[in-house]
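# What the coordinates show
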Amino acid sequence: MQINPERCQGHGRCYDLAPELFGEDEEGYGVVLGDGLVAPEHERAARLAVVNCPEKAIDSGEEVSS
């Protein structure tokens, strides 16, 4: 999982919806916490964050349907 910094506009939906996977940098833009791998118990939260990103800036490494 990764966030494209050129697309992220800092809406914060990723870290609001999945705080176990995402945080924010000093300017309020989303950042992936840890190594970017998603544990099975966090897959639902990861998909929720991906489909709710207005700029589609989150790449989960897999196809996610909305």
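Look above for the structure.
Residues numbered from 1 in each chain as written. Predicted model: local features only at pLDDT ≥ 70, side-chain atom pairs only at ≥ 80, totals over all residues. Heavy atoms only, no water.

## Considerations on the nonpolar core
- Residues Ile-3, Cys-14, Phe-22 and Ile-58 are the most contacted members of the largest nonpolar core, which totals 15 residues.
- Counting only elements with at least two residues in this core, the list comes to helix 1 (13-17) and helix 2 (43-52).
- If one sorts the elements of this core by residue count, helix 2 sits on top with four residues.
- When sequence neighbours within four positions are dropped, the list of residues in contact with Ile-58 reads Met-1, Gln-2, Ile-3, Cys-14, Phe-22, Ala-49, Val-50 and Cys-53. (Core = buried A, V, L, I, M, F, W, Y, C linked by side-chain atoms within 4.5 Å. Buried < 20%, exposed > 50% of the residue type's maximum accessible area, 1.4 Å probe, protein only. Helix = DSSP H or I, 4+ residues; strand = E, 2+ residues; numbered from the N terminus. Contact = heavy atoms within 4.5 Å.)

## Side note on the state of the cysteines
- Considering all chains together, one arrives at zero disulfides under this definition.
- Of all cysteine sulfurs in the structure, the one in Cys-14 sits closest to Cys-8, which takes part in no disulfide; the separation is 6.2 Å.
- Look at Cys-8 and you get buried, because its relative accessible area is 12%.
- There is no disulfide at Cys-53, and the cysteine sulfur nearest it, in Cys-8, is 6.5 Å away. (Disulfide = S-S within 2.5 Å.)

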